[in-house]
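Notes for the structure review
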Amino acid sequence: MSIHPSTAATSLAQLVPEEPAGNNNSIPLCQFPVMIGRSEEAQVSFDDRWLSRQHCEIDCFDGQLVIRDLRSRHGTYVNDMQIDECPLNIDDQLRIGLTRFIVKPAI
């Protein structure tokens, strides 16, 4: 998993991989928007054969996290529902490609 933040900032939340993701690297959500995908422009990338080049984007509006699918081939799911755009809350389950995350409070 690679994370490319441009500068340090206070994290609002983090994405914690669920088992059996195979790693314990959480993704801090502190700079917005955060694009997740395989492209070089993506701030977050991880090894997943179903991950699109520009898969999804997480943004923050008035303290509320919002996730938006970027027309990915395999979709973005929040709590097992495919979404185009929806709020992202603490303890939501997020599936991007085959990889599952839980949204947790920032440490």
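Report follows, based on the coordinates.

Criteria and thresholds
Residues numbered from 1 in each chain as written. Predicted model: local features only at pLDDT ≥ 70, side-chain atom pairs only at ≥ 80, totals over all residues. Heavy atoms only, no water. Helix = DSSP H or I, 4+ residues; strand = E, 2+ residues; numbered from the N terminus. Buried < 20%, exposed > 50% of the residue type's maximum accessible area, 1.4 Å probe, protein only. Contact = heavy atoms within 4.5 Å. Areas by Shrake-Rupley, 256 points an atom, 1.4 Å probe, with all protein chains shown as cover.

1. Notes on the overall build of the protein chain
For the protein chain, the helix and strand inventory stands at 0 helices and 12 strands. In the protein chain, the succession of helices and strands from N to C terminus is β-β-β-β-β-β-β-β-β-β-β-β. Taking all 107 residues of the protein chain together, the buried fraction comes to 43%. Nonlocal contacts in the protein chain, meaning residues at least 24 apart in sequence, comprise 36% of its contacts between residues at least 6 apart. Working note: accessible area of the protein chain is about 6300 Å², and carbon and sulfur atoms make up 46% of it.

2. Section: the environment of aspartate 59
When you line up the elements, aspartate 59 lands in strand β6 (residues 56-61). The spacing of aspartate 59 and leucine 29 is 30 residues in sequence and 9.0 Å in space, taken between C-alpha atoms. Among residues more than four places away in sequence, those in contact with aspartate 59 are Phe32, Pro33, Gln64, Leu65, Val66 and Arg68.

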